Amino acid sequence: GASLRPIAAKVISRIFVAPVFLCASFGSIAVLRGEPVGAALRAKVLPAWQMGSMFWPTVSALTYKFIPVGARPATGAVVGSVWSCYLSWLAFSRRAGAG
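Attention here is on the structure that accompanies the text. (Residues numbered from 1 in each chain as written. Predicted model: local features only at pLDDT ≥ 70, side-chain atom pairs only at ≥ 80, totals over all residues. Heavy atoms only, no water.)

**Side note on the packing of aromatic side chains**
Throughout the structure, instances matching the rule amount to five aromatic pairs. Where Phe 55 meets Trp 83, the ring centres are 5.3 Å apart and the plane angle is 20°; that geometry is what we call stacked. Linking Phe 55 in helix H2 (residues 37–66) with Trp 83 in helix H3 (residues 72–92), this pair joins segments that are 28 residues apart in sequence. The exposure class of Phe 55 is partly exposed, given its relative accessible area of 24%. A residue is classified by how much of its surface remains accessible, and Trp 83, at 10% relative accessible area, is buried. With centroids separated by 6.2 Å and ring planes inclined at 70°, the aromatic side chains of Trp 56 and Trp 83 adopt a geometry described as edge-to-face. One end of the pair, Trp 56, is in helix H2; the other, Trp 83, is in helix H3, and 27 residues separate them in sequence. One aromatic cluster in this structure is built from Phe 55, Trp 56, Trp 83, Tyr 86 and Trp 89. (Phe/Tyr/Trp six-rings, centres within 6.5 Å; stacked < 30°, edge-to-face > 60°. Helix = DSSP H or I, 4+ residues; strand = E, 2+ residues; numbered from the N terminus. Buried < 20%, exposed > 50% of the residue type's maximum accessible area, 1.4 Å probe, protein only.)

Shown next, in the form of C-alpha cells:
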C-alpha cells in the first residue's frame with residue numbers, strides 16, 4: 001500500500017512551515033516599506049495561507065493525475081511563478097485596510 005509519510009509531510013508543511021514563510025515574507029516587505037508589521041501580518045498572512053491551502057493541494061492532485069513524471073518539475077516551476085505573482089499582488093495590495 002501507499003505510505004502515509006509523504007502525505008503527512010505535506011500536511012505538516014502546510015500547517016507549520018507555510019505560515020512561518022508567509023510571516024517572514026509579508027513582515028519583511030512591511031519593514032522595507034516602513035509600514036506596521038503587525039497590521040500587514042494580520043491582513044495578509046491568513047488570506048495567503050487559506051488560498052495556498054486550496055491552491056497547492058489542487059495543483060498537486062492535478063499534476064500527479066495528468067502530468068507525466070518528466071514534465072512535473074517544469075509544471076511546478078510555472079505554477080510556482082503564478083503563486084509568486086499572487087503573493088506579490090497580495091503583498092502590495094491595500095486589502096483589508098493594510099499595506
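**Focus on a nonpolar patch on the surface**
A contiguous nonpolar patch, built from Leu 4, Ile 7, Val 11, Ile 12, Ile 15, Phe 16 and Val 17 and spanning about 700 Å² of accessible area, is present on the exposed surface. Along the chain, the position of Leu 4 falls in the segment before helix H1 (5–33). (Patch = residues over 30% accessible without salt bridge, like charges linked within 9 Å, V, L, I, M, F, W, Y side chains within 5 Å. Areas by Shrake-Rupley, 256 points an atom, 1.4 Å probe, with all protein chains shown as cover. Salt bridge = Lys/Arg side-chain N within 4 Å of Asp/Glu carboxyl O.)

**Examining the packing of H1 against H2**
Between H1 and H2, the shortest axis-to-axis distance is 9 Å and the interhelical angle comes to 140°. Comparing their axes, H2 and H1 come out oblique. The crossing of H1 and H2 is right-handed. In this structure, H1 contributes Arg 14, Ile 15, Ala 18, Pro 19, Leu 22, Cys 23, Phe 26, Gly 27, Ala 30 and Val 31 to the contact, and H2 contributes Val 37, Ala 40, Leu 41, Lys 44, Val 45, Ala 48, Trp 49, Gly 52, Ser 53 and Trp 56. In terms of residue class, the contact of H1 with H2 is built from 15 nonpolar, three polar and two charged. (Axes fitted to C-alpha atoms, helices over the stretch in contact; angles between N-to-C directions. Parallel < 35°, antiparallel > 145°, perpendicular 65-115°, else oblique. Left-handed = near helix turned anticlockwise from the far one by under 90°. Contact = heavy atoms within 4.5 Å. Nonpolar A, V, L, I, M, F, W, Y, C, P; charged D, E, K, R; others polar.)

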